Amino acid sequence: MVPVIALVGRPNVGKSTLFNRLTRSRDAIVGDLSGLTRDRQYGEAKWEGRSYILVDTGGISGDEEGIDEKMAEQSLLAIEEADVVLFLVDARAGMTAGDQMIGEHLRKRNKRSYLVVNKIDNIDPDIARAEFSPMGLGEALPIAGAHGRGITQMLEAALGEFPQDEEEDALDEEVAEGEEAKRIPGPSEKDGIKIAIIGRPNVGKSTLVNRMLGEERVVVYDQPGTTRDSIYIPFERNDEKYTLIDTAGVRKRGKIHEEVEKFSVVKTLQAIKDANVVIFVMDAREGVVDHDLNLLGFAIESGRALVIALNKWDGMEPGERDYVKTELERRLFFVDYADIHFISALHGTGVGNLYKSVQASFMSAITRWPTNRLTQILEDAVREHQPPMVSGRRIKLRYAHLGGANPPLIVIHGNQVDAVPKSYSRYLENTFRRVLKLVGTPIRIEYKGGE
Ligand code: GDP
Ligand code: GDP
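Rules of the game
Residues numbered from 1 in each chain as written. Chains lettered and ligands numbered in written order. Predicted model: local features only at pLDDT ≥ 70, side-chain atom pairs only at ≥ 80, totals over all residues. Helix = DSSP H or I, 4+ residues; strand = E, 2+ residues; numbered from the N terminus. Expected span 1.5 Å × (residues − 1). Near = placed C-beta within 6 Å. Nonpolar A, V, L, I, M, F, W, Y, C, P; charged D, E, K, R; others polar. Contact = placed C-beta atoms within 7 Å. Pairing = 2+ DSSP bridges. Axes fitted to C-alpha atoms, helices over the stretch in contact; angles between N-to-C directions. Core = buried A, V, L, I, M, F, W, Y, C linked by C-beta atoms within 7 Å. Buried ≥ 20, exposed ≤ 12 C-beta atoms within 10 Å, placed from the backbone. Right-handed = clockwise from strand over helix to strand, strands pointing away.

Overview of helix 13 (residues 422-436)
- With 15 residues, helix 13 ought to run about 21 Å at 1.5 Å a step, and its terminal C-alpha atoms sit 21 Å apart, in line with that.
- Backbone geometry just downstream of helix 13 places lysine 437 in the positive-phi region, at approximately 55 degrees.

The following block contains the structure:
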């Protein structure tokens, strides 16, 4: 499970500056989910082979006038959901009552927290640390977020103990001709296909989970102890194993959670990350709204296989249905590879059909294609439509091999590959998708330069 780090602290201590620096890494996904979650910002970042989710809280003011209630509530929830809290204070401002209030809370919650003394540029770090030592939160980590100082030590402390991301199984060994071994990525064969049910609040996720599990032919196994995050439900259908990741499961943990909606972005991001296939649920009665697109953006970035379910299709007028279909075409053109199902989770209509798409997209995502097959497709594509010339020399693309699965990563070797235009990559991607008949999964293409 990807660790979650929350940045907390008074306003102006430098949280968003640090957030931006950390999520600027190559793998960052930062989306605007305000409105779904009030003032929090979410991003994904990677450090030393460890992916993590970073949450920037709105900030707990806690100044002389007292706490800003709403902001505090959100920040407290972020603290609850985090594995590690980085508690930022401002070395220039010195310790304030607000800092003490937050420190007190963290000590009481017994959360794994680090006191991060920010803005130590132009200030002696030892003096800054000493000033905050009465906080009783252990050794302070001095940083200057705006200048990138102390960041490595801080991340080492926060993330060092978490395991590195699971390596993709070595895929570069040659696959024999004609052999397209079925393979489930990762050490999860016992889980079968992991399906995450994702969507905004109230689109019908819980209803769909219950419907999928309540179907005839479904055998649900005892649930192992539920995790803090989502609920993992292993089951079997027509001899195929699945694990459903239920992000909507309502569980209450103490006062804070009872007041808050069951929807959680952190849970959603973690579930997407841990799944093989995402079923993305939308409410047909509301059409495609911006928050759908933002959440969908996370799912696409993650590279997971994708199935789209337009729920609450029951009782809609033909005119409304046509309108929704047009909207889908217009606004979801960028995921034209995903199957779309029109379903009623409430009545069960169309729910069984989801499995076909889940299986097809999963197989597309994990099938191993032999190098000679991929190279043949590349050669044909190049013959059909040559890559452009760069400073008088034509870009040469020589061969292709599979570098990873779920999503499929196609590694293309050649010369002057840095100059391959986006439009040409898009052309290759479409060609691979068409010839290999890949459905429901994004494809990644990576170039390797030759001598
Ligand atoms: P937030 O409200 O906690 O998110 O704080 P911001 O990230 O918006 O930063 C508040 C102010 O502190 C801004 O003017 C930043 O430029 C400044 N700041 C952030 N990090 C540093 C730092 O490392 N050194 C100095 N001197 N200023 C910083
Ligand atoms: P979640 O927040 O995404 O888990 O949504 P819920 O499953 O709790 O559903 C939200 C509301 O939508 C509930 O009142 C459901 O009864 C209703 N709902 C869910 N699926 C359907 C459907 O297929 N048709 C109709 N008409 N209502 C539905």
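Structure shown, so let's carry the discussion forward.
Thoughts on the site of ligand 1
- Looking at ligand 1, there are 16 residues lining it, with Gly14, Lys15, Ser16, Thr17 and Ala146 nearest.
- In terms of residue count, helix 1 (residues 15-23) provides more of the shell around ligand 1 than any other element does, three residues in total.
- Residue composition of the shell around ligand 1, by class: four nonpolar, nine polar and three charged.

Some words on the environment of arginine 107
- Within the fold, arginine 107 resides in helix 3 (residues 97-109).
- Sequence separation of arginine 107 and methionine 135 is 28 residues, and the distance between their C-alpha atoms is 9.4 Å.
- Residues within four places of arginine 107 in sequence aside, it is in contact with Gly136 and Leu137.

Describing the pairing of strand 17 (residues 396-404)
- Taken together, the seven bridges between strand 17 and strand 18 (residues 409-415) define a ladder with antiparallel strand orientation. Across the sheet, residue tyrosine 399 finds its bridge partner in strand 18, namely histidine 413.
- Turn length for the strand 17-strand 18 hairpin, with the two strands adjacent in sequence and antiparallel, is four residues, and the turn residue asparagine 406 shows positive phi of about 50 degrees.

Overview of the site of ligand 2
- The full set close to ligand 2 counts 15 residues, and Gly204, Lys205, Ser206, Thr207 and Leu346 are the nearest of them.
- Per-element tally for the shell around ligand 2: the top contributor is helix 6 (residues 205-214), with three residues.
- The residue makeup of the shell around ligand 2, split by class, is five nonpolar, seven polar and three charged.

Digging into the sheet that holds strand 10 (residues 231-237)
- The strand order 9-10-11-8-12-13-14 describes an open sheet built from seven strands, whose pairing is mixed. Taken across any chain shown, the strands that pair with only one partner, and hence form the sheet edges, are strand 9 (218-220) and strand 14 (339-342). Taken pair by pair, the neighbouring strands of this sheet meet at an average axis angle of 25 degrees, ignoring direction.
- Where strand 8 (residues 193-198) meets strand 11 (residues 240-246), five bridges bridge the pair, whose relative direction is parallel. When the bridges of strand 11 are listed, isoleucine 193 appears paired with tyrosine 242.
- Docked against the sheet, helix 6 engages strand 8, strand 9, strand 10, strand 11, strand 12 (277-283) and strand 13 (305-311), running at close to 160 degrees with respect to strand 11.
- Packing of helix 11 (residues 354-366) onto the sheet brings it into contact with strand 8, strand 10, strand 12, strand 13 and strand 14, and relative to strand 13 it is tilted by some 160 degrees.

A short note on the sheet that holds strand 19 (residues 444-449)
- Taken in spatial order, the three strands of this open sheet run 17-18-19, and their pairing is mixed. Each of the sheet's edge strands pairs with one partner strand only, and the pair in question is strand 17 and strand 19. Strand after strand, the sheet turns through a mean of 25 degrees between neighbouring axes, direction not considered.
- Contacts between helix 12 (residues 371-384) and the sheet are confined to strand 17 and strand 18, with strand 17 contributing the most and set at about 140 degrees to the helix.

Side note on the nonpolar core
- Counting residues in each nonpolar core, the largest one holds 95 residues, and the members touching the most others are Ile195, Ile198, Ile279 and Phe280.
- Setting aside chain neighbours within four positions, we find phenylalanine 280 in contact with Ile198, Gly199, Leu296, Ala299, Leu306, Ile308 and Ala309.
- Of all hydrophobic cores here, the second largest spans twelve residues; its members include Leu374, Ala381, Ala400 and Tyr447.

Topic: the pairing of strand 19
- Summarising the sheet, strand 18 and strand 19 pair through six bridges and their orientation is parallel. By the bridge assignment for strand 19, histidine 413 is matched with lysine 448.
- Crossover connection from strand 18 via helix 13 to parallel strand 19: handedness right-handed.

Some words on helix 9 (residues 290-302)
- In this model, helix 9 (13 residues) spans 19 Å end to end at C-alpha, consistent with the 18 Å of a helix rising 1.5 Å per residue.
- Those residues of helix 9 lying buried are His291, Asp292, Leu295, Leu296, Phe298, Ala299 and Ile300.
- Two residues or fewer after helix 9 comes glycine 303, characterised by a positive phi angle close to 80 degrees.

Details of unusual backbone geometry
- Residue proline 407 is reached from asparagine 406 by a cis peptide bond, and omega for that bond is 10 degrees.
- Its place among the elements puts proline 407 in the loop between strand 17 and strand 18.
- For asparagine 122, which is not glycine, the phi torsion reads 70 degrees and is therefore positive.
- Relative to the helices and strands, asparagine 122 resides in the loop between strand 6 (113-118) and helix 4 (125-132).
- At glutamine 416, a residue that is not glycine, the phi angle is positive and equals roughly 55 degrees.
- Within the element layout of this structure, glutamine 416 appears in the loop between strand 18 and helix 13.

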